[in-house]
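The lines below spell out each chain.
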Amino acid sequence: MSACEPLGNRAPLLHLLDAHLPSTVEEAAMCVRLREFVTSYTDCFERTLQIGHVTGSAWVVNLDYTRVLLTHHAKLGKWLQLGGHADGDPDLPGVALREAREESGLSRIAPVSESIFDVDIHLIPARQPDPAHYHYDVRFLLQADSREDLRISFESRDLRWVEIARVAELAPEESMLRLVRKTRPWIPALKSRPNRAG
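A brief report on the enclosed structure follows. (Residues numbered from 1 in each chain as written. Predicted model: local features only at pLDDT ≥ 70, side-chain atom pairs only at ≥ 80, totals over all residues. Heavy atoms only, no water.)

1. Quick look at helix 2 (residues 25-40)
Move 1: Look at helix 2: 23 Å from first C-alpha to last across 16 residues, which is about the 22 Å you get at 1.5 Å a residue.
Move 2: Among the residues of helix 2, those classed as buried are Glu27, Met30, Cys31, Leu34, Phe37 and Val38. All buried residues of helix 2 project into a common sector of 130° when viewed along the axis, lining one side.
Move 3: In this structure, the buried side of helix 2 is in contact with helix 1 (11-19), strand 1 (52-61), strand 6 (118-124), strand 7 (133-144) and helix 5 (174-183). (Helix = DSSP H or I, 4+ residues; strand = E, 2+ residues; numbered from the N terminus. Expected span 1.5 Å × (residues − 1). Buried < 20%, exposed > 50% of the residue type's maximum accessible area, 1.4 Å probe, protein only. Arc of directions from axis to C-beta. Contact = heavy atoms within 4.5 Å.)

2. Remarks on the packing of helix 1 against helix 2
The description of two packed helices rests on the angle between their axes and on the distance between the axes.
Move 1: At their nearest, the axes of helix 1 and helix 2 sit 11 Å apart, and the two run at 160° to each other. Overall, the two elements helix 1 and helix 2 adopt an arrangement that is roughly antiparallel. Between helix 1 and helix 2 lies a crossing of left-handed hand. Contacts between helix 1 and helix 2 involve Leu13, Leu14, Leu17 and Asp18 from the former and Cys31, Leu34, Arg35, Val38 and Thr39 from the latter.
Move 2: A breakdown of the residues in the contact of helix 1 with helix 2 according to their chemical character gives six nonpolar, one polar and two charged. (Axes fitted to C-alpha atoms, helices over the stretch in contact; angles between N-to-C directions. Parallel < 35°, antiparallel > 145°, perpendicular 65-115°, else oblique. Left-handed = near helix turned anticlockwise from the far one by under 90°. Nonpolar A, V, L, I, M, F, W, Y, C, P; charged D, E, K, R; others polar.)

3. What to know about the pattern of salt bridges
Move 1: Summed over all chains, the structure comprises 16 salt bridges.
Move 2: Between Asp137 and Arg139 there is a salt bridge, with its nearest N and O atoms 3.1 Å apart. Neither Asp137 nor Arg139 differs from the other in exposure class; each is buried.
Move 3: Measuring nitrogen to oxygen at the nearest pair gives 3.1 Å for the salt bridge that ties Asp158 to Arg160.
Move 4: Each of Glu27, Asp118, Asp120, Asp137, Arg139, Arg178 and Lys182 takes part in salt bridges that share partners, so that together they form one network. (Salt bridge = Lys/Arg side-chain N within 4 Å of Asp/Glu carboxyl O.)

4. With respect to the side chain of His135
Move 1: Turning to its location among the elements, His135 is positioned in strand 7.
Move 2: Within polar-contact distance, the side chain of His135 engages the side chain of His133 at 3.5 Å.
Move 3: Other than its neighbours up to four places away in sequence, His135 contacts His53, Thr55, His85, Asp120, Ile121, His122 and Ile124. (Polar contact = N/O pair within 3.5 Å; in protein donor to acceptor, adjacent residues only side chain to side chain.)

5. Considering the pairing of strand 6
Move 1: Along strand 6, five of the seven residues are buried, which leaves the element largely enclosed by surrounding structure.
Move 2: Here strand 6 pairs with strand 7 via seven bridges, running antiparallel. Residue Asp118 lies in a different strand from strand 7, and its bridge partner there is Arg139. (Pairing = 2+ DSSP bridges.)

6. Topic: the nonpolar core
Move 1: Core analysis: the biggest nonpolar cluster contains 34 residues, and Val54, Val60 and Leu92 have the highest contact counts within it.
Move 2: Ignoring any residue separated from it by four or fewer positions in sequence, one finds Val60 in contact with Arg67, Val68, Leu69, Leu82, Ala100, Ile109, Leu142, Ala144 and Trp161.
Move 3: Ranked by size, the runner-up nonpolar core spans 16 residues in total, among them Tyr65, Ile164, Met176 and Val180. (Core = buried A, V, L, I, M, F, W, Y, C linked by side-chain atoms within 4.5 Å.)

Here you go:
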């Protein structure tokens, strides 16, 4: 892509990426890869781009940041954060919120911030009719009331609020542990506030 070629609907994501501060060297490298991918492919938000595509994820915490909502993904067979394909939508904070609502049934759910919380790139194994491909996953921090009833979607085998301290028991991958580490600094400040139980 030439330097003068317009970025079009990719510009908002690149602006969000400009403002994001990676927490590790590994995440910083993935941010560089994400930028290169987005600037190289005008259809980066489409799942029809078979080498990979940008996805939007939601790290959904409860009201006092002590628990996170995880889904046991039916196809991948792993406990993961909520989220999914953008399907052409460049509004990734909106994608993350939409996917979180669809996969949880929660209505009282909202972004903590429109800023990027985390970036991760991971390989999705081949599964007919799709070849192996990469998800360039952009993750956002959302908050919900854990007292609201959950509804398991067809994409999930289970849905569960998990204590932050116990996420590693279900999801020991570094990409998940990084999200846990990023969440911990929020807990002390919010624990002292009244009426934040949830």
